[in-house]
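Given next are the chains, with one letter for each unit.
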Amino acid sequence: SRIVTVGAAQLGPIALNEPRKDVVQRLIALLEQGAAHGCDLVVFPELALTTFFPRWYFEQQEQVDAFFERSMPGPDTQALFDAARRLKVGFYLGYAELTEEKGRTRRFNTSILVDQNAEIVSKYRKIHLPGHAEHEPWRRFQHLEKRYFETGNLGFGVCRAFGGIVGMAICNDRRWPETYRVMGLQGVEMILIGYNTPVHNPPAPEHDNLSHFHNELVMQAGAYQNGTWVVGVGKAGREEGVDQIGNSIIVAPSGEIVSACSTLSDELSIARCDLDLTVSYKSSVFNFSKHREPHAYGMIVER
Ligand code: ING
């Protein structure tokens, strides 16, 4: 067996005016809790350093850019990397990335995987950006990810880490089967997914009461259909007046939920994940080389 002890580090609300260094102290507290319980890896939510700012329309780009990190680690996040190195615990962190590439400013909804020596071993930029690009005042709150971020340009990659093959996704990505399958085809054994999910979805309020069901459904399906562990971690609770689901879970390759958060606050939910539990699924029912029929799937990659 290849056990990775994983902590799903759910966060409660982050206030609009909550200083990054205060948020980082909350993250370090969860990392220390994880270390005390033998975690090798702690998974934080999407955009884990600030409030979920796409819920507002900002007139000025400077107002938006205040939520972004220009370097990682940066002045406020260095303490988190120092704690990880001291504790020998790796982590997944979601944050808003602002970078200058060939003289152009690029903005992405990003996650990184950091190993137990506090080295960044992988980066992912969110591909499925939900919501809308223009101000839509009819909504109780906005969801302007298509305005504030570019579509991720790094693909769905995997890397060798924590004794296995690890992949990353962010929030809305988890609702799309292609996200899991592209990593499944690369042999992924554990997929880490941070999210900020409002209970209410203005275009389809009739779905609101199914928000937990849909959250669990998509990650259980993704895990089982690709013989992989899936760790989903939310930013929860009433954040600046918007209720966000918690329901952070750790899902085994069988599709079973083996660990879950039960509050809407900062909470660590832990599971000992045996990566070898992926083998019976990858070698039987989802033996891709034996059973997949790509000749029939062409429509999936057409525009
Ligand atoms: N949030 C939501 C998500 O995909 C959403 C958007 C909310 C979709 C409710 C459907 C229903 O979980 C982000 N940040 O992608």
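Reference entry: report on the structure contained in this document. (Residues numbered from 1 in each chain as written. Predicted model: local features only at pLDDT ≥ 70, side-chain atom pairs only at ≥ 80, totals over all residues. Heavy atoms only, no water.)

The next point concerns a nonpolar patch on the surface. Residues Leu210, Phe213 and Leu217 make up a contiguous nonpolar surface patch of about 260 Å² in total accessible area. Along the polypeptide, phenylalanine 213 turns up in helix α6 (residues 211-225). (Patch = residues over 30% accessible without salt bridge, like charges linked within 9 Å, V, L, I, M, F, W, Y side chains within 5 Å. Areas by Shrake-Rupley, 256 points an atom, 1.4 Å probe, with all protein chains shown as cover. Salt bridge = Lys/Arg side-chain N within 4 Å of Asp/Glu carboxyl O. Helix = DSSP H or I, 4+ residues; strand = E, 2+ residues; numbered from the N terminus.)

Mapped onto the fold, valine 301 is located in the segment after α8 (288-291). Look at valine 301 and you get exposed, because its relative accessible area is 73%. Sequence separation between valine 301 and glutamate 18 is 283 residues, and the spatial gap between their C-alpha atoms is 42 Å. (Buried < 20%, exposed > 50% of the residue type's maximum accessible area, 1.4 Å probe, protein only.)

Quick look at the layout of surface pockets now. By volume, the largest pocket amounts to about 550 Å³. A volume near 300 Å³ is recorded for the second largest pocket. Taken together, Pro177, Glu178, Arg181, Val182, Leu185, Gln225, Asn226, Arg292, Tyr297, Gly298, Ile300 and Val301 form the lining of the second largest pocket. Top element by residues in the lining of the second largest pocket is helix α5 (residues 177-184). It accounts for 4 residues. Counted by class, the lining of the second largest pocket contains 6 nonpolar, 3 polar and 3 charged residues. (1 Å grid on protein atoms, 1.4 Å probe; cavity = no way out; pocket = protein on both sides within 12 Å on 5 of 7 lines; lining within 4 Å. Points joined across faces, edges and corners; volume = space filled by probe spheres on them. Nonpolar A, V, L, I, M, F, W, Y, C, P; charged D, E, K, R; others polar.)

Here we come to the sheet that holds strand β9 (residues 229-234). One open sheet accounts for 6 strands, arranged β6-β7-β8-β9-β12-β13; its pairing is mixed. The sheet terminates laterally at β6 (158-161) and β13 (257-260), the two strands that pair on one side only. With direction set aside, neighbouring strand axes in the sheet form an average angle of 20°. In the packing of α6 onto the sheet, the strands contacted are β8 (190-195), β9, β12 (249-251) and β13, and the crossing angle to β12 comes to about 25°. (Pairing = 2+ DSSP bridges. Axes fitted to C-alpha atoms, helices over the stretch in contact; angles between N-to-C directions. Contact = heavy atoms within 4.5 Å.)

Right, let's talk about the site of the ligand for a bit. The immediate surroundings of the ligand are formed by 14 residues, with Glu145, Cys171, Asn172, Arg175 and Thr197 found nearest. Take asparagine 196: an N or O atom from its main chain is 3.1 Å from a nitrogen atom of the ligand. Protein contact buries 88% of the 370 Å² of open area that the ligand shows by itself. Using a 2 Å cut-off from the grid points, one finds that the ligand occupies the largest pocket. For the shell around the ligand, the class distribution of residues is 4 nonpolar, 5 polar and 5 charged. (Near = heavy atom within 4 Å. Polar contact = N/O pair within 3.5 Å; in protein donor to acceptor, adjacent residues only side chain to side chain. Sits in = over half its atoms within 2 Å of the grid points.)

Across the sheet, 6 strands lie side by side as β5-β4-β3-β2-β1-β14; this open sheet has mixed pairing. One side of each edge strand has no neighbouring strand; the edge strands of this open sheet are β5 (120-125) and β14 (267-274). Mean inter-strand twist for the sheet, computed between neighbouring axes without regard to direction, equals 35°. Bridge analysis of strand β1 (residues 3-10) against strand β2 (residues 41-43) gives 3 bridges, and the strand direction is parallel.

What follows is about unusual backbone geometry. Geometrically, the link from methionine 72 to proline 73 is a cis peptide bond, its omega value of -5° lying close to zero. Relative to the helices and strands, proline 73 is located in the loop between α2 (61-65) and α3 (78-87). Phi angles above zero are rare outside glycine, and lysine 88 is one such case at about 60°. The topology assignment puts lysine 88 in the loop between α3 and β3 (90-101). Positioned with a positive phi, asparagine 247 is a non-glycine residue whose angle comes to about 55°.

This part covers the pairing of strand β7 (residues 164-170). Along a regular strand, successive side chains alternate from one face of the sheet to the other. Most of β7 sits out of view: 7 of its 7 residues are buried. Sheet topology places β6 next to β7; 4 bridges connect them, and they run antiparallel. Counterpart to arginine 160 in the pairing with β7 is isoleucine 165. A loop of 2 residues connects β6 with β7, the two strands running antiparallel in sequence, and phenylalanine 162 in this loop sits at a positive phi of about 55°. The pairing of β7 with β8 spans 5 bridges and is classified as parallel. Looking at β8, one finds that alanine 169 is bridged to isoleucine 193. Crossover β7 to β8 through α5 is right-handed. (Right-handed = clockwise from strand over helix to strand, strands pointing away.)

This is a description of form; function is not addressed.
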